[in-house]
Amino acid sequence: MSSNLTMDAVDMESGDSLDTDYAVHSSSSNPGSSGSRSHVSGYPPRSHPSHDLHRQMGNMNLNDSNPQDPTFVEQLSRVFDGEDLQRILHIYAEVEALHEKTNMNEIMTKQVVTKYNDLSARVRKLEEKHRGKDLQSKITEKKHRMRTDGKLNWRIKDYDRLLKLHQTTSDVEKMSIVSSHFQTPSGHEFRLRVFLNGTGKGKGKSLSMFIQCYRSEMDDILDYPFNGVIVFRVFDQTSKSEKKHHKLMFRTNNSPCFQRPAKTIEYTPENGLAQLLPHDQIHKSETHDGPVYLKDDTIFVGCEIMSNT
């Protein structure tokens, strides 16, 4: 519905002919009559009331027209009366109510959008805050779980599957597995790297194990190079009371592994034993009298760091 309602539309709605409301015609029985429309003799011609109203309503906007305005009602009553006038006023009232409702909906929509955007921004901030807290909690939890006595015992499950993967992969990153971190009492942080299929001189025939120093937030106050003795173990899993753990040790000396980690790296170059334990000893069955290093597809390895300071 157009917001500018012209009188032509109202005329069509009412079904009246404005041309016959006020015009005075010459009598058709008068021979001298030309049959044309004329005004009453003795009175000046007057403008059609509907024409004035038509011009006024043609420029009238519903925003400026109030069905309860006496001037507006008076203008309409000059042309319409009774049910027609009431119907037109009712239509105007409905249109005005609809217009007001539309305006209110637009205002409410803008308010909802504003509140939604504000809420979304607050949710994003809370998510970022919680992500930071979760990360910090994980770091703290990791620190709490980390051993600080210079020892680490590591259970490696799915031995057969991992060994086959290490034997067949061409991806260097998949040729080994790494342990969790552990610290010495002095605060130096390390991790282990194990090649189940061996590497270097032990490739394809021995279990190889290495150690790496981690660049930690405490490095600036720690003493480097780290000096001590590293002890590697593969644990005996027999049920005997006297177990025969396999143990080899070496000194740190001046290996790059135990120097202060550079700011540009996360871990130092690894150092360790390429031939820690031959495969044929690992794969011996539990029925023999010696130690059992592989049981239920699981092997246990360990490290102990004994500092010279």
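Right, let's walk through the structure included here. Everything numeric here is computed off the predicted structure, so don't read it as measured data.

1. Here's the deal with the nonpolar core
The biggest cluster of nonpolar side chains holds 35 residues, and the ones touching the most others in it are L192, V194, I211 and F232. When residues of this core are traced back to their parent elements, those giving at least two are strand 3 (151-156), helix 5 (159-168), strand 6 (189-195), strand 7 (206-213), strand 8 (228-234), strand 10 (271-278) and strand 12 (298-307). When neighbours within four sequence positions are excluded, V194 is seen to be in contact with W154, I156, H166, M175, S176, I177, L207, S208, M209 and V301. Ranked by size, the runner-up nonpolar core spans 6 residues in total, among them L76, F80, L85 and I88.

2. Things to note about helix 5
Burial in helix 5 covers these residues: Y159, L162, L163 and H166. Projection of helix 5 onto a plane perpendicular to its axis shows the buried side chains occupying an angular sector of 100°, all on one side. Relative to its buried face, helix 5 has exposed residues pointing more than 90 degrees away, namely K164 and T168. Next to the buried residues of helix 5 lie strand 3, strand 4 (177-178), strand 6, helix 6 (279-282), strand 11 (294-295) and strand 12.

3. Let's talk about the environment of S179
Structurally, S179 is set in the loop between strand 4 and strand 5 (182-183). When the C-alpha atoms of S179 and F190 are compared, they prove to be 9.3 Å apart, with 11 residues separating the residues in sequence. Sequence-distant contacts of S179, defined by excluding residues within four places in its chain, comprise L152, W154, R191 and L192. Polar side-chain contacts of S179 include one of 2.8 Å to the backbone nitrogen of L192.

Rules and cut-offs
Residues numbered from 1 in each chain as written. Predicted model: local features only at pLDDT ≥ 70, side-chain atom pairs only at ≥ 80, totals over all residues. Heavy atoms only, no water. Core = buried A, V, L, I, M, F, W, Y, C linked by side-chain atoms within 4.5 Å. Buried < 20%, exposed > 50% of the residue type's maximum accessible area, 1.4 Å probe, protein only. Helix = DSSP H or I, 4+ residues; strand = E, 2+ residues; numbered from the N terminus. Contact = heavy atoms within 4.5 Å. Arc of directions from axis to C-beta. Polar contact = N/O pair within 3.5 Å; in protein donor to acceptor, adjacent residues only side chain to side chain.

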